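Overview (structure and organization)
Each chain, written out:
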Amino acid sequence: VDRNDKRSIHFVVLERMSADGLARVIGNMRLIIKKQDESPLPVEEDFPGVFEDGRAPLGSTEVSRLISCHENSAVQNLTKWPLFRQGLNYVKQHELGPVFGVVTESFERSLLRQGIPLRALSEARFLEHIRSEKKPALVDVEALKEVMRRINTKNVPTSCDVFSCQNFNTTQSISDLELNLGAVA
């Protein structure tokens, strides 16, 4: 939990573990949304030189906490597609954008190899507060829509019955969160 969670939408991919509804989280992503009178996005704070006047426009979003974890590497690799699909739908429905991210060079190469349309906005630099070398990137939302359309035609699952899109309130108790996860499984 950090100061950006309250202004974020959180996406979760659940894997159904049993017929009784038991599920586990195998992927997540959040979009941090820049609204009126909000503090800057983390990418603005870390890389102010890449934005005109040092600021991203209102409605900008930052992809953050993109994580997939599964013992089967093929499933782990596919987990990002439902997250991207739902994130793209959310951005479109709420007329948000542009979409930014902060990535390592190796993750940038991996995303580019898989057809994710990114453009680096500057060279990577070490960010002390996360103890990692990262660079800011801009996601080409229109090109990503086309990539998603092509992937859908190749029968790659971009959504499934174990997918949940939930905006978790950071004040929810753990028991409330468990009930919500159980309800979507």
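Residues numbered from 1 in each chain as written. Predicted model: local features only at pLDDT ≥ 70, side-chain atom pairs only at ≥ 80, totals over all residues. Heavy atoms only, no water.

Focus: the nonpolar core
Buried together is how nonpolar side chains tend to be arranged in soluble globular proteins. Of all hydrophobic cores here, the largest spans 26 residues; its most connected members are Phe11, Trp81, Phe84, Tyr90, Ile116 and Leu144. Listing elements by their share of this core, those giving two or more residues are strand 1 (8-16), strand 2 (23-33), helix 3 (80-93), strand 4 (99-103), strand 7 (132-139) and helix 5 (141-153). Here this core takes six residues from helix 3, the largest share from any one element. Contact partners of Phe84, with chain neighbours within four places excluded, come to Met29, Leu66, Leu111, Ile116 and Met148. Counting nine residues, the second largest nonpolar core, distinct from the first, contains Ile32, Val43, Phe100 and Val102. (Core = buried A, V, L, I, M, F, W, Y, C linked by side-chain atoms within 4.5 Å. Buried < 20%, exposed > 50% of the residue type's maximum accessible area, 1.4 Å probe, protein only. Helix = DSSP H or I, 4+ residues; strand = E, 2+ residues; numbered from the N terminus. Contact = heavy atoms within 4.5 Å.)

Structural notes on the pairing of strand 4
Here strand 4 lies mainly inside the structure; five of its five residues are buried. The sheet contact formed by strand 3 (residues 61-68) and strand 4 spans three bridges and is parallel. Across the sheet, Glu62 pairs through a bridge with Phe100, a residue of strand 4. With five bridges connecting them, strand 4 and strand 7 associate as antiparallel partners. Paired with Val103 across the bridge in strand 7 is Lys135. (Pairing = 2+ DSSP bridges.)

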